[in-house]
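Now for the letters of each chain:
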Amino acid sequence: MEVIVRKDAEAAARLTARLIADAIRVKPDLVLGLATGRTMERVYEMLVEEHKYRGLDFTYVVTFNLDEYVGLAPSDPCSYSAYMHYHLFRHVNINPANAHVPRGNAADLEEECRRYEALIAAHGGIDLQLLGIGLTGHIGFNEPMSSLRSRTRLKALSPVTLQQNSEYFGGVDKVPRRAITVGVGNILESKRAIMLATGEEKADIVARALEGPVTAMVTASALQLHPRCVVILDEGAAANLTMRDYYDHIFHTEPEWAPYRSL
Ligand code: F6R
């Protein structure tokens, strides 16, 4: 795992968007794992700018979102399908048939989980997985006590997460209680992962995930087991890290990061 701290949320999003855009340029048929939430909105905005002004081509890109609320149709404005359409898909030249989000309103939800996993496998797995982190330490909707080997399944959302996402629904009582999420095991199988976290309210959970023990109580800590994971933070989210000097040293001395230092 490498940890990169940028001066603010804007710079952290810019580096994240640049790494994704570069990955697409290197491999035009990239299989990209996507996250939703407030943190990602600026990243998607920047990817849209890359497409519009610098020719980033999504023709052959295949995307798989991490999660979807149970009971919501893709047309529901609160669904993650609608979020992706609003923030990214409608603005770029992605083939709609290549943009996958679990179907939260499937008649047979267990079957939907199996179908989704099989589809990811049929595409050869995720090349690059984008991740945020929730206040409970979740990645995807892998709430505390998710097995570190978990697969795509239904998960009950924690009261903290229901509260965190209530603003989208106009009240905590309106947030669906369960979601389909790919598992921690699936996320660990991605060839590369980027986790982006910004803001002081994430400082405590980021420090626990990155520098604490690997535990099912903080599923983002499982990224310590990932073979190729970069964590991008702003100063606020990095505030409680103890090994900061070491992380900065790596970013400022490794040649592979040189093109990104000015971002
Ligand atoms: C949603 C997802 C979640 C979010 C996390 C952070 O698809 O994967 O893990 O990334 O809840 O959300 P924000 O960015 O709203 O703080």
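Residues numbered from 1 in each chain as written. Predicted model: local features only at pLDDT ≥ 70, side-chain atom pairs only at ≥ 80, totals over all residues. Heavy atoms only, no water.

Q: It is not clear to me how the site of the ligand should be interpreted in this structure. Could you clarify?
A: In the region of the ligand, 15 residues are neighbours, and Thr-36, Thr-39, Asp-67, His-138 and Lys-202 sit closest. Within the backbone of Arg-38, an N or O atom sits 2.9 Å from an oxygen atom of the ligand. Asp-67 has a polar side-chain atom sitting 2.6 Å from an oxygen atom of the ligand. Across the shell around the ligand, the residue classes tally to four nonpolar, eight polar and three charged. (Near = heavy atom within 4 Å. Polar contact = N/O pair within 3.5 Å; in protein donor to acceptor, adjacent residues only side chain to side chain. Nonpolar A, V, L, I, M, F, W, Y, C, P; charged D, E, K, R; others polar.)

Q: Would you explain the pattern of salt bridges in this entry?
A: Two side chains with opposite charge may pair up if their charged atoms get near one another. On inspection of all chains with the given rule, the structure shows 14 salt bridges. A salt bridge links Arg-42 to Glu-10, with the nearest nitrogen and oxygen atoms 2.7 Å apart. Placement of the pair is Arg-42 in helix α2 (residues 38-54) and Glu-10 in helix α1 (residues 9-26), with a sequence separation of 32 residues. Put simply, Lys-27, Asp-29, Asp-127 and Lys-191 are held in one network by salt bridges that share partners. (Salt bridge = Lys/Arg side-chain N within 4 Å of Asp/Glu carboxyl O. Helix = DSSP H or I, 4+ residues; strand = E, 2+ residues; numbered from the N terminus.)

Q: Can you walk me through the packing of α2 against helix α3 (residues 80-87) in this structure?
A: To describe two helices that pack against each other, one gives the angle between their axes and the distance between the axes. Remark: α2 packs on α3, axes separated minimally by 9 Å, with the N-to-C direction vectors making an angle of 40°. Between α2 and α3, the interaxial angle falls into the category oblique. Listed contacts from α3 to Met-40, Glu-41, Tyr-44 and Val-48 of α2 are Tyr-83, Met-84 and His-87. For the contact of α2 with α3, the per-class residue count stands at five nonpolar, one polar and one charged. (Axes fitted to C-alpha atoms, helices over the stretch in contact; angles between N-to-C directions. Parallel < 35°, antiparallel > 145°, perpendicular 65-115°, else oblique. Contact = heavy atoms within 4.5 Å.)

Q: Help me understand the sheet that holds strand β3 (residues 62-65), please; the structure alone is not making it clear to me.
A: Across a sheet, strands are paired by hydrogen bonds formed along the backbone, either parallel or antiparallel in direction. Read from one edge to the other, the open sheet built from seven strands follows the order β1-β10-β9-β6-β2-β3-β5, with strand pairing classed as parallel. The two strands at the open ends of the sheet, each matched to only one other strand, are β1 (2-6) and β5 (99-100). Bridge analysis of strand β2 (residues 31-34) against strand β6 (residues 128-131) gives two bridges, and the strand direction is parallel. Bridge pairing in β6 links Leu-32 to Leu-128. (Pairing = 2+ DSSP bridges.)

Q: When you look at the side chain of His-87 in this model, what are you seeing that I'm missing?
A: Locating His-87 in the fold gives a position in helix α3. With residues up to four places along the chain from it excluded, the contact list for His-87 reads Glu-41, Tyr-44 and Val-48.

Q: In this structure, what is going on with unusual backbone geometry? I would like to understand it.
A: Leaving glycine out, the prevailing phi sign among residues is negative, and the prevailing peptide bond configuration is trans. The backbone of Met-145 shows a phi angle near 75°, a positive value even though the residue is not glycine. Along the chain, the position of Met-145 falls in the loop between β6 and β7 (153-156).

Q: Just to check I follow, could you spell out the packing of aromatic side chains for this structure?
A: The description of an aromatic ring pair uses the distance of the two centres, along with the angle that the planes make with each other. Taken as a whole and assessed by the stated rule, the structure comprises ten aromatic pairs. When the ring of Tyr-44 is compared with that of Tyr-83, the centres are 6.3 Å apart and the planes differ by 80°; the resulting orientation is edge-to-face. Pair noted here: Tyr-44 is in helix α2 and Tyr-83 is in helix α3, with a separation of 39 residues, a long-range link. Here Tyr-44 matches Tyr-83 in class, with each residue buried. (Phe/Tyr/Trp six-rings, centres within 6.5 Å; stacked < 30°, edge-to-face > 60°. Buried < 20%, exposed > 50% of the residue type's maximum accessible area, 1.4 Å probe, protein only.)

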